[in-house]
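Letter by letter, the chains look like this.
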Amino acid sequence: MPPIAVLAGGLATRMWPLTSQFPKALLEVAGEPFVAHQLRLFAREGIEDVKLLVGHCWEQIERFVGDGSRFGVRVDYIVDGPTLLGTGGAVRRALDRLGPEFLVTYCDSWLDAPYAPVVEAFHASGLPALMCVFHNENRWDASNVQFENGAIRCYSKKFRRPEMHHIDWGLGMLKASEVATRRMGEPWDLAELYEELATSGRLAGYEMIRRFYEIGSFRGLAETNRLLRATLIVD
């Protein structure tokens, strides 16, 4: 399996005051920091190499996670530095440690599904990027993807269309060459690249059947906490 870049550098202002002096990845879910659940999920899916793209209070994450070995993975830290780079800028900064292709996700996303088929679909597409999508119909958040016949026709976080029935699920895969064209050290949003690729017909899509969960809102944190507590009881 390729490495996975986990975007964990934001200020998480929606979760203040919980995260004013505390990174979102360490919010408690089902009795332990959320990042612990994420890392075990990656290990279960055969992902050994995890790159944590960090910024806000990142030393706290490093103290808890360490090298990742107790979770069954190898963790490397890439720090934004004094200027927050946004999701795209953080990925650009990490390119030399990610290799030619990699998965990318977010530190507040619980995405419980097989990952190997995503990698297979990416390779089969022959395209430079793939986005996992979910048939949403504005239920869990505003739909932002027009997905038809297995292809992403349009993606935008700003401009909504009636044809958008799907949503970005929170997991993607990229070739490093597509990110390398951007200048190092400049802040930008990864969504900008996805939008450009969708417009030019170079963004593959993979439809997920399980919904996503998140801890980036108070409602989402409570919901994910209930889910994982129930899962732990069953397991």
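The structure we're discussing is the one just above.
Residues numbered from 1 in each chain as written. Predicted model: local features only at pLDDT ≥ 70, side-chain atom pairs only at ≥ 80, totals over all residues. Heavy atoms only, no water.

Engineer: Looking at this structure, I do not really get the overall build of the protein chain. What am I missing?
Structural biologist: For the protein chain, the helix and strand inventory stands at 7 helices and 13 strands. In the protein chain, 73% of the contacts between residues at least 6 apart in sequence involve partners at least 24 apart. Put simply, the protein chain has 26 plus and 30 minus side-chain charges, and the middle of one group is 2 Å from the middle of the other. (Helix = DSSP H or I, 4+ residues; strand = E, 2+ residues; numbered from the N terminus. Contact = heavy atoms within 4.5 Å. Lys, Arg positive; Asp, Glu negative; His and termini not counted. Charge placed at Lys NZ, Arg CZ, Asp CG, Glu CD.)

Engineer: Is there a simple way to think about the pairing of strand 10 (residues 151–155) in this case?
Structural biologist: As a general feature of sheets, a regular strand has side chains that alternate between the two faces. In terms of strand pairing, strand 9 (residues 145–148) meets strand 10 through 4 bridges, oriented antiparallel. Bridged to Val-145 within strand 10 is Tyr-155. Once strand 9 ends, the chain turns through 2 residues before running back antiparallel as strand 10, passing Asn-149 with a positive phi of about 50°. (Pairing = 2+ DSSP bridges.)

Engineer: Quick question: what am I supposed to make of the pattern of salt bridges here?
Structural biologist: Opposite charge on two side chains allows them to pair when their charged atoms are near. Taken as a whole and judged by the stated rule, the model has 16 salt bridges. Salt-bridge contacts for Arg-44 lead to Asp-112; the nearest nitrogen and oxygen are separated by 2.8 Å. Placement of Arg-44 in helix 1 (residues 34–44) and of Asp-112 in the loop between strand 7 (109–110) and helix 4 (116–125) is noted, with a sequence separation of 68 residues between them. Here Asp-112 falls in the partly exposed class, since its relative accessible area comes to 23%. (Salt bridge = Lys/Arg side-chain N within 4 Å of Asp/Glu carboxyl O. Buried < 20%, exposed > 50% of the residue type's maximum accessible area, 1.4 Å probe, protein only.)

Engineer: Whenever I open this one, the side chain of Arg-211 confuses me. Can you help?
Structural biologist: Position of Arg-211 relative to the elements: it lies in the loop between strand 12 (203–208) and strand 13 (213–214). Owing to a relative accessible area of 17%, Arg-211 belongs among the buried residues under this scheme. When near neighbours in sequence (up to four residues on either side) are disregarded, Arg-211 contacts Phe-134, Trp-140, Trp-169 and Glu-223.

Engineer: Would you mind showing me how to read the packing of aromatic side chains here?
Structural biologist: Ring pairs (aromatic) are described by centroid distance and by the angle formed between their planes. Under the defined criterion, the tally for this structure stands at 5 aromatic pairs. Measuring from ring centre to ring centre gives 6.4 Å for Phe-42 and Tyr-115, while their planes differ by 55°; the resulting arrangement is tilted. Highlighted residues: Phe-42 in helix 1 and Tyr-115 in the loop between strand 7 and helix 4, separated in sequence by 73 residues. Each member of the pair, Phe-42 together with Tyr-115, is buried. Above the ring of Trp-188, the side-chain terminus of Arg-182 is found at 4.3 Å from the ring centroid. (Phe/Tyr/Trp six-rings, centres within 6.5 Å; stacked < 30°, edge-to-face > 60°. Lys NZ or Arg CZ within 6 Å of the ring centre and 35° of its normal.)

Engineer: What should I look at first to understand a nonpolar patch on the surface in this one?
Structural biologist: The grouping of Leu-11, Trp-16 and Leu-84 at the surface amounts to a nonpolar patch, some 260 Å² of accessible area in total. Within the secondary structure, Trp-16 is located in the loop between strand 1 (4–8) and strand 2 (28–29). (Patch = residues over 30% accessible without salt bridge, like charges linked within 9 Å, V, L, I, M, F, W, Y side chains within 5 Å. Areas by Shrake-Rupley, 256 points an atom, 1.4 Å probe, with all protein chains shown as cover.)

Engineer: Explain the layout of surface pockets here, please?
Structural biologist: Using a probe with the size of a water molecule, rolled over the atoms, empty space left in the structure can be pinpointed. There is about 1,200 Å³ of room inside the largest pocket. Taken together, 47 residues form the lining of the largest pocket, with Arg-14, Tyr-106, Asp-108, Ser-109 and Lys-157 sitting closest to its centre. Residue assignment for the lining of the largest pocket shows that the elements contributing at least two residues are strand 1, helix 3 (86–94), strand 11 (166–175), helix 6 (190–199), strand 13 and helix 7 (218–234). Class assignment for the residues of the lining of the largest pocket results in 22 nonpolar, 11 polar and 14 charged. (1 Å grid on protein atoms, 1.4 Å probe; cavity = no way out; pocket = protein on both sides within 12 Å on 5 of 7 lines; lining within 4 Å. Points joined across faces, edges and corners; volume = space filled by probe spheres on them. Nonpolar A, V, L, I, M, F, W, Y, C, P; charged D, E, K, R; others polar.)

Engineer: Just to check I follow, could you spell out helix 3 for this structure?
Structural biologist: Because each turn of an α-helix spans 3.6 residues, side chains separated by three or four positions end up pointing in the same direction. If you check which residues of helix 3 are buried, you get Gly-88, Gly-89, Ala-90, Val-91, Arg-92 and Ala-94. Next to the buried residues of helix 3 lie strand 1, strand 4 (49–54), strand 5 (74–79), strand 6 (101–106), helix 5 (176–179) and helix 6.

Engineer: How should unusual backbone geometry be read in this particular structure?
Structural biologist: Generally, phi is negative for residues other than glycine and the peptide bonds are trans, each holding for most cases. Positive phi values are uncommon outside glycine, yet Ala-30 reaches one of about 50°. Tracing the chain through its elements places Ala-30 in the loop between strand 2 and strand 3 (32–33). Ala-30 gets classed as buried once you look at its relative accessible area, which sits at 10%. Phi angles above zero are rare outside glycine, and Cys-57 is one such case at about 55°. Here Cys-57 is to be found in the loop between strand 4 and helix 2 (58–65). The class of Cys-57 is buried, set by a relative accessible area of 17%.

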